[in-house]
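# Fold and geometry: a report
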Amino acid sequence: MKNWFLSKKSDIEEALSKFFLDFGRSILGFVYFLGGLANLTGQCFYYMFTPPFNKERIFEQAKRAGYDSLGIVSLVSLFIGFIYALQTAYFMQRIGSEIYIASLVAISLVRELGPVITALVVAGRVGAAITAEMGTMQVTEQIDALETLATNPIRYLVIPRVLALSLMLPLLTLYADVVGIFGSYLICVYKLGISSNMYIHATFDVLFRKDLFTGLVKTVFFGLIIATVSCYEAFNVEGGAEGVGQATTKAVVKTFIMIIAADCFFTALFYFIFP
Amino acid sequence: MIDIIKVSKNFNGHKVLDKLSLKIEKGQTCVIIGRSGCGKSVLLKHIVGILKPDSGKIVIEGQNIPDLNEKELDAVRMKLGMVFQGGALFDSMTVGENVGFGLIEHDHVSRRELLERIEEALCMVDLCGIENLWPAQLSGGMKKRVALARAICIRPEIILYDEPTTGVDPITADSINELIRSLHDKLKVTSIVVTHDMKSAYRVGDKLAMLYQGNIIAEGTPEEIQKAKNPVVHQFINGLAKGPITETIDHYREY
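Being a predicted model, the structure only gives us computed values, none of them experimental.

## Here's the deal with the overall build of chain A
Across its full length, chain A carries 9 helices and 0 strands. Counting from the amino terminus, chain A carries its helices and strands in the arrangement α-α-α-α-α-α-α-α-α. Since a compact globule built from 275 residues should have a radius of gyration of about 19 Å, the 24 Å found for chain A marks it as more spread out than a globular shape. Over its C-alpha atoms, taken along the principal directions, chain A stretches across nearly 70 × 70 × 35 Å. Among the 275 residues that make up chain A, the fraction classed as buried is 37%.

See below:
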């Protein structure tokens, strides 16, 4: 009986100590990740402002991140526009205020949904591709080869991606805002019977410059997050194909978390700066 | 001349290089032999400055590599060519762009000269006219030779080879050995070849050095190494399953 009690206790102790050890390890791992990311970002800022600059590579990456993402961003934001209009209509019809659907959709899309949805779509599409491509370069020693050819991998690989994503994400977001509002317009005008003129007026009456500004400024940082996290994970790939797969998953998960956290921070910041 | 002085390197508490010293004269081809995973590639990465030693010096032409800043290191790297084990060709570029990469990025030569230099380098490795192919279209042996062409295109004074004959068929391996020998004769470059292929080592080396447990335990001409009395060297160069190297491993396994 005594033995049974002891063995149970030691099981619990073991499980507890394992839990705390794992918990501590994951916190340490995260702190280590943040330190590495800060280091990479610092180096990015240094190389970003010191010549030589490779315009061709920046354009190439901007095309991949921006132009090539137009299709998926169009589809997603059009559907978001449809969905948001219908969901808002559900409540607005109950209180007989259908006309406010346009205003609500415009404000939510421009301030919040457009930037975040676009950032998440781009993180999944472009960020994952960056980690997979550069991670494979890492395991096949191509990044070492760059260094032996006297080419700094951060300047050559990371900077074009950081600049491209930080410049393209605001433009893509602007485009997503327009498409989303258009989607909502289609539902309201052709399904709910709001007049086209009224919809357009209701949209532009509520949108201020600060709404557009706060929506777009944060996407510059979202772009920076996507590029640096994806590159950081790629540089730290270990092993072969499996390592690249794990790094890609890690990069997407961490980017998603960091985008939402950054969005929370910026929303609070702008709420107090531009009340 | 390359002078490696008491270089030590630890990875997660595991000693990979332990006060390793080695001297390579100008124009000499030095072959570093040793078992897989004994730190040969790590040593090469120290010489090109990709890895920094925990202690010790790596002096190339009077400059200590770990002390150099980025600009100075890049200047040294432009005198160095490195051939990686799997080729490490950039797969987003054509063969021509790969071979001319160093020139395109740093030397700003005219387009005509660039094309000439690329062709010259490719012809040296017997692969004339494949500039427009992609790395994915090449066989393993061709990739290694293109990697060699990329290394010689910048006209280096030192070439480092990481297992140049591993993973290719015996005929290609021999042609790569011949190539290393002829580059040594034609271009008078200093070469360091890391390999565990003894046939290749005897074929290309002026000097052989055996790396074991983080240190150089024997060095000399191929003949001297063949006659070496050290039982570790004897076991390795004759490829014997039983001997002091494997006994040490078994000894560790027991505990």
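## Re the environment of isoleucine 50 of chain B
Note on placement: isoleucine 50 of chain B falls in the loop between α1 (40-47) and β4 (55-60). Sequence separation of isoleucine 50 of chain B and proline 66 of chain B is 16 residues, and the distance between their C-alpha atoms is 9.5 Å. Excluding residues within four positions of it along the chain, isoleucine 50 of chain B makes contact with Asp144 and Glu147 of chain A together with Lys45 of chain B.

## Some details on the interface of chain A and chain B
Opposite the 10 residues of chain A that make contact, chain B presents 15 residues. A class-by-class count of the residues in the side of chain A that touches chain B yields 3 nonpolar, 4 polar and 3 charged.

## So, helix α5 (residues 111-124) of chain B
Residues and elements named next belong to chain B. Compared with an ideal rise of 1.5 Å per residue, which puts 14 residues at 20 Å, α5 spans 20 Å between its outermost C-alpha atoms and is within 8% of the ideal. Where α5 is buried, its residues contact α3 (95-99), α4 (101-107) and α6 (140-153). In the segment just after α5, aspartate 126 is the residue with positive phi, at about 60°.

## Re the domain arrangement of chain A
Residues and elements named next belong to chain A. Each assigned domain of chain A is listed with its residue range as follows: domain 1 (1-50) and domain 2 (54-273). Between domain 1 and domain 2, the C-alpha centre-to-centre distance is 30 Å. Taken together, the contact pairs 8 residues of domain 1 with 10 residues of domain 2. Split by residue class, the side of domain 1 that touches domain 2 holds 5 nonpolar, 3 polar and no charged.

Cut-offs used in this document
- Residues numbered from 1 in each chain as written.
- Chains lettered and ligands numbered in written order.
- Predicted model: local features only at pLDDT ≥ 70, side-chain atom pairs only at ≥ 80, totals over all residues.
- Helix = DSSP H or I, 4+ residues; strand = E, 2+ residues; numbered from the N terminus.
- Rg over C-alpha atoms; globule rule 2.2 N^0.38 Å.
- Buried ≥ 20, exposed ≤ 12 C-beta atoms within 10 Å, placed from the backbone.
- Contact = placed C-beta atoms within 7 Å.
- Nonpolar A, V, L, I, M, F, W, Y, C, P; charged D, E, K, R; others polar.
- Expected span 1.5 Å × (residues − 1).
- Domains from an automatic or database assignment.

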